[in-house]
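Commentary on secondary and tertiary structure
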Amino acid sequence: QVQLVESGGGLVQAGGSLRLSCAASGSIFSSNVMGWYRQAPGKQRELVANIHTGGIKNYADSLKGRFTISRDNAKNTVYLQMNSLKPEDTAVYYCNVFVLRGLMNYWGQGTQVTVSS
């Protein structure tokens, strides 16, 4: 069983920064993709960014330059550094792990990010 524990969400003023963390426990094996999605009220969940075990990164085009994803494979932890935050970044941010062995997909419980204007 895989568990994902997120932290780092909160309330920040526009222009500020937050850093999200997600620690995975359980069998995620050595080849996986860890990432972040977000869902704003009334909108569909969307990809923010993800990163493969080998370091290949993928970002939503609209977020390139403001958000940076990274990971620590030894700790099975993924991070999302969010800078120059805007009110439209307000959403619940979900950690995701896709395990290539068995094609298993796991989600965290979500962490709220609120950006005030």
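None of the values given here were measured: they were computed from a predicted structure.

Another point: the pattern of salt bridges. By the definition in use, this model includes four salt bridges. Two residues, Glu46 and Arg38, come together in a salt bridge whose shortest N-O distance is 2.7 Å. Here the salt bridges do not stand alone but share partners, grouping Arg38, Glu46, Arg66 and Asp89 into one network.

Judged by pairing direction, the sheet is antiparallel, and its four strands sit side by side in the order β1-β3-β8-β7 without closing on themselves. The sheet is open, and its two borders are formed by β1 (3–7) and β7 (67–72), each paired with just one other strand. Sheet twist, expressed as the average angle between the axes of neighbouring strands with direction ignored, equals 15°. In this sheet, strand β8 (residues 77–82) lies alongside strand β3 (residues 18–25) in antiparallel orientation, the contact comprising six bridges. Looking across to β8, one finds that Cys22 is bridged to Val78.

Turning our attention to the nonpolar core. Judged by nonpolar contacts, the single largest core of 31 residues is most densely connected at Trp36, Leu80, Met82 and Tyr93. Looking at this core, the elements that each hand over two or more residues are β3, β4 (32–39), β5 (46–52), β7, β8, β9 (91–99) and β11 (111–116). The greatest single-element share of this core, amounting to five residues, is contributed by β9.

According to the stated counting rule, one finds one disulfide in the structure shown. Sulfur-sulfur distance for the disulfide between Cys22 and Cys95 comes to 2.0 Å. Its S-S torsion of approximately -85° makes the covalent link between Cys22 and Cys95 left-handed. Residue Cys22 is found in strand β3, and its partner Cys95 is found in strand β9; the two are separated by 73 residues along the sequence. Like Cys95, Cys22 is buried.

Enumeration over the complete set of coordinates arrives at one aromatic pair. Pairing Tyr37 with Trp107 gives two aromatic rings, centres 5.0 Å apart and planes at 65°, and the pair type is edge-to-face. Residue Tyr37 is found in strand β4, and its partner Trp107 is found in strand β10 (residues 104–107); the two are separated by 70 residues along the sequence. Here the basic side chain of Arg19 rests over the ring of Tyr79, its NZ or CZ set 4.1 Å away from the ring centre. A cation over an aromatic ring shows up here: Arg45 above the ring of Trp107, its NZ or CZ 4.6 Å from the ring centre.

One non-glycine residue with positive phi stands out, namely Asn76, at about 50°. Along the chain, the position of Asn76 falls in the loop between β7 and β8. The backbone of Ser84 shows a phi angle near 50°, a positive value even though the residue is not glycine.

Glancing now at the environment of Ala23. Tracing the backbone through its elements, the reader meets Ala23 in strand β3. Judged by its relative accessible area of 34%, Ala23 falls in the partly exposed class. Sequence separation of Ala23 and Ala91 is 68 residues, and the distance between their C-alpha atoms is 20 Å. Ignoring sequence-local partners within four residues, the contact set of Ala23 consists of Gln3, Leu4, Val5, Asn76 and Thr77.

The rules behind each value
- Residues numbered from 1 in each chain as written.
- Predicted model: local features only at pLDDT ≥ 70, side-chain atom pairs only at ≥ 80, totals over all residues.
- Heavy atoms only, no water.
- Salt bridge = Lys/Arg side-chain N within 4 Å of Asp/Glu carboxyl O.
- Pairing = 2+ DSSP bridges.
- Helix = DSSP H or I, 4+ residues; strand = E, 2+ residues; numbered from the N terminus.
- Axes fitted to C-alpha atoms, helices over the stretch in contact; angles between N-to-C directions.
- Core = buried A, V, L, I, M, F, W, Y, C linked by side-chain atoms within 4.5 Å.
- Buried < 20%, exposed > 50% of the residue type's maximum accessible area, 1.4 Å probe, protein only.
- Disulfide = S-S within 2.5 Å.
- Phe/Tyr/Trp six-rings, centres within 6.5 Å; stacked < 30°, edge-to-face > 60°.
- Lys NZ or Arg CZ within 6 Å of the ring centre and 35° of its normal.
- Contact = heavy atoms within 4.5 Å.

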